[in-house]
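Breakdown of the fold
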Amino acid sequence: MLLFNMFRVVTIFALFAVFDRGCWATSYRFPDNFLFGSATSAYQIEGAWNESGKGESTWDRHTHTHPEMIIDGSNGDIACDSYHKYEEDIELLKYLGVDFYRFSLSWTRIFPSGFPDDINYEGINHYNKILNLLVANNITAMVTLFHWDLPQGLMAVGGMLNPRFVTFYTEYARTAFEHFGDRVQYWLTFNEPFQTCVFAYGDLMLAPALGISGIADYLCGHNLLKAHAAVYHLYNTTYRPKFKGKIGISISADWFEPNTTDDEVAAERIRQFWYGMYIQPVFSSKGDYPDVVKEYIAYHSSLEGYKQSRLPQFTPDEINYIKGTYDFMGLNHYSTYMASEAPNISLETSYYNDYQVSLSSAGDSIANDSNGLLEIVPWGFRKLLVWLKDTYDDPDIFVTENGINDLDDVIDDKRRISYYGQYLEALLEAIYIDNVNVIAYTIWSLMDNYEWYLGYTSKYGIYYVNFSDPDRPRIPKSSAHFIRNVFGNRTVVSYDKVD
Ligand code: NOJ
């Protein structure tokens, strides 16, 4: 009897331990054809901002003329110096055992002015060298055509607000497909439409920091969606038959959870404003912007005295042209926030006023709104994946970014390991319990890099980079070893949960 009781106690303890460790998820393996990778972007890592014929981008101009708009006054002139150290970067990828590498092309290395006139072949050769080395190492390339470093030459004519942006961007994409298409399996047209338009054209956070909220952000989004569709069609008709690759767009979507049961409508509304307005036109059989977005912007516009909605309209032909222009949904996900109804109406024209929702942090970890650390909320990732599946007819989802920041140089980054462990378990639950079609997963980021308006103060890398050393050495953090283990074993290996 005593023995039996002891057995019961041990079993109960063991069960608790298993549940506490993220339940059963660790016993699941990622499907055999599931892909693992890591990501970077050109401006954040390359440096060599004016070498080998490269033209000036909006980020070069913004950081050089307005260093006060960057938290540490820094810029990406050298960054991780990956323009010269790409061979070393590929060694890191080999150590991690990735299936693919997501990186972006710098438009102004290829067309220095942005206009499709003279190709800069030094830029073409640079990316050829990277692609050839990836092929030699059996690493699939996933290439983002546009990760925010717009040619300054195009900005001079309005950048993404100019309807001709669609043509310039399509010609740039054609050149990329022509030269690199034989070695690129996955293409992404744009990285994060929301941040591209709202933070850069509506707000002051990202270059060109126009700050024309509630107007420029909507114009930008409109042209971005048309440009995305044009490039999808170009690839689909002209290059897919030859190269057999796939093309999508990376949407950034954090999860918005209702603060109370009365806030469900508000939470759904902000989902539609932050990402639904870029997802629905492409991924839903309905096409077009979501009704709630159209209604709220039209209503606020009329209260403010506008004769028409500030949100441009798509014609029926445009709706059909944009609808269905994807092979997979790229998803960048980081954290979760609580959403509450904000009933007071402001008459100041602003994207943020249009949706009438206020946000607060989720959970009670060491992270909070004021210290700039992201919160670890794995259940939000799972809820988001289920919502995407249910709202958009079950697309193939390629997680193109997932990660967490540190504000100091932490080599033994236990919090990042805890984040990845829990988010990967949530992903396994979404795949096996909720049947969400997730086909790939990408770490953001391969190494610490230039975090836009936060300069070098917010670090997402699984490799540490010493930015005060001219050689920019890369040193693996504990999370690099953990990720190598996860990728190699195709399951979430054991880790300690910390907040
Ligand atoms: C999304 C962006 O694509 C990337 O450039 C950025 O560094 C990460 N989020 C982290 O903020």
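Parameters and conventions
Residues numbered from 1 in each chain as written. Predicted model: local features only at pLDDT ≥ 70, side-chain atom pairs only at ≥ 80, totals over all residues. Heavy atoms only, no water. UniProt positions renumbered as here; feature names shortened; annotations may be inferred. Helix = DSSP H or I, 4+ residues; strand = E, 2+ residues; numbered from the N terminus. Rg over C-alpha atoms; globule rule 2.2 N^0.38 Å. Buried < 20%, exposed > 50% of the residue type's maximum accessible area, 1.4 Å probe, protein only. Contact = heavy atoms within 4.5 Å. Areas by Shrake-Rupley, 256 points an atom, 1.4 Å probe, with all protein chains shown as cover. 1 Å grid on protein atoms, 1.4 Å probe; cavity = no way out; pocket = protein on both sides within 12 Å on 5 of 7 lines; lining within 4 Å. Points joined across faces, edges and corners; volume = space filled by probe spheres on them. Nonpolar A, V, L, I, M, F, W, Y, C, P; charged D, E, K, R; others polar. Axes fitted to C-alpha atoms, helices over the stretch in contact; angles between N-to-C directions. Parallel < 35°, antiparallel > 145°, perpendicular 65-115°, else oblique. Pairing = 2+ DSSP bridges. Near = heavy atom within 4 Å. Polar contact = N/O pair within 3.5 Å; in protein donor to acceptor, adjacent residues only side chain to side chain. Sits in = over half its atoms within 2 Å of the grid points.

Per an unreviewed UniProt entry, the protein goes by the name beta-glucosidase and belongs to Agrilus planipennis. Quoted verbatim from the Subunit (unreviewed entry) field of UniProt, the annotation for the protein is "Homodimer." As its UniProt record puts it under Sequence similarities (unreviewed entry), the protein is described as follows: "Belongs to the glycosyl hydrolase 1 family."

**A few points about the overall build of the protein**
Of regular secondary structure, the protein possesses 17 helices and 13 strands. Here the C-alpha atoms of the protein give a radius of gyration of 23 Å, agreeing with the 23 Å that 2.2 N^0.38 yields for 499 residues. Summarising its shape, the C-alpha atoms of the protein cover approximately 85 × 55 × 50 Å along the three principal directions. Counting the 499 residues in the protein, one finds 59% classified as buried. Counting only contacts in the protein whose residues sit at least 6 apart along the sequence, the fraction spanning at least 24 positions is 77%. As presented, the protein carries roughly 19300 Å² of accessible surface, and 54% of it is formed by carbon and sulfur atoms.

**Observations regarding the UniProt feature "active site" (unreviewed entry) in the protein**
The sites that carry the UniProt feature "active site" (unreviewed entry) are, in the present numbering, Glu401. Tracing the chain through its elements places glutamate 401 in strand E10 (residues 397–402). Relative accessible area serves as the criterion here: at 5%, glutamate 401 is assigned to the buried category. With sequence-adjacent residues up to four places away left out, glutamate 401 is seen in contact with Arg102, His147, Asn191, Glu192, Leu331, Asn332, His333, Tyr334, Thr442 and Trp444.

**A few points about the layout of surface pockets**
Looking at the largest pocket, its volume works out to about 1000 Å³. Together, 42 residues line the largest pocket, and Phe199, Tyr337, Leu374, Tyr453 and Tyr460 are the ones closest to its centre. Among the elements that take part in the lining of the largest pocket, strand E9 (residues 357–361) stands out by supplying 3 residues, more than any other. Classifying every residue of the lining of the largest pocket gives 20 nonpolar, 16 polar and 6 charged.

**Description of the packing of helix H11 (residues 264–283) against helix H12 (residues 291–303)**
Two numbers describe a pair of packed helices, the interaxial angle and the distance between the axes. Packing of H11 against H12 leaves a shortest axis separation of 9 Å and a crossing angle of 105 degrees. Relative to H12, the element H11 is oriented roughly perpendicular. Between H11 and H12, the residues in contact are Arg269, Gln272, Phe273 and Met277 and Val292, Val293, Tyr296 and Ile297, respectively. Classifying every residue of the contact of H11 with H12 by side-chain character gives 6 nonpolar, 1 polar and 1 charged.

**Comments concerning the sheet that holds strand E8 (residues 336–341)**
With mixed pairing, the 3 strands of this open sheet are ordered in space as E6-E8-E9. Of all strands in the sheet, those with a lone pairing partner are strand E6 (255–258) and E9, marking the two edges. Taken over all neighbouring pairs, the strand axes of this sheet differ in orientation by 40 degrees on average, direction set aside. Across 5 bridges, E8 lies against E9 in antiparallel orientation. If you follow methionine 338 over to E9, its bridge partner there is serine 360. On the sheet, H11 packs against E6, E8 and E9 and is oriented at approximately 165 degrees with respect to E6. Contacts between helix H15 (residues 378–391) and the sheet are confined to E6 and E8, with E6 contributing the most and set at about 100 degrees to the helix.

**Observations concerning the side chain of threonine 189**
Looking at the secondary structure, you find threonine 189 in strand E4 (residues 184–191). Not counting residues up to four positions away in its chain, the partners in contact with threonine 189 are Leu145, Phe146, Tyr169, His228, Val231, Ile247, Gly248 and Ile249.

**Focus: the site of the ligand**
Every residue close to the ligand is listed here: Gln44, His147, Trp148, Asn191, Glu192, Asn332, Tyr334, Glu401, Trp444, Glu451, Trp452 and Tyr460. With respect to the ligand, the side chain of asparagine 191 contributes an N or O atom lying 2.8 Å from an oxygen atom. Within the side chain of tryptophan 444, one N or O atom sits 3.2 Å away from an oxygen atom of the ligand. Relative to its unbound accessible surface of 290 Å², the ligand loses 92% to contact with the protein. Under a 2 Å grid-point criterion requiring more than half of the atoms, the pocket assigned to the ligand is the largest pocket. Residues of the shell around the ligand, tallied by class, amount to 5 nonpolar, 4 polar and 3 charged.

**Regarding the sheet that holds strand E1 (residues 35–39)**
In any sheet, the strands associate via hydrogen bonds between backbone groups, in a parallel or an antiparallel arrangement. Taken in spatial order, the 8 strands close into a barrel running E1-E2-E3-E4-E5-E7-E10-E11, and their pairing is parallel. Within this sheet the neighbouring strands show an average axis-to-axis angle of 25 degrees, counted without direction. As judged from the 3 bridges shared by E1 and strand E2 (residues 100–104), these two strands associate in the parallel manner. In the strand pairing of E2, serine 38 is matched with tyrosine 101. Strand contacts of helix H6 (residues 121–136): E2, strand E3 (140–146) and E4, with the helix running at about 170 degrees to E2, the strand carrying the most contacts.

**Examining the environment of asparagine 402**
Within the secondary structure layout, asparagine 402 lies in strand E10. With a relative accessible area of 0%, asparagine 402 lands in the buried category. Residues asparagine 402 and tyrosine 460, 58 residues apart in the sequence, show an inter-C-alpha distance of 9.7 Å. Excluding residues within four positions of it along the chain, asparagine 402 makes contact with His333, Tyr334, Tyr419, Tyr420, Tyr423, Tyr441, Thr442, Ile443 and Trp444. Among the polar contacts made by the side chain of asparagine 402, one reaches the side chain of tyrosine 419 at a distance of 2.9 Å.

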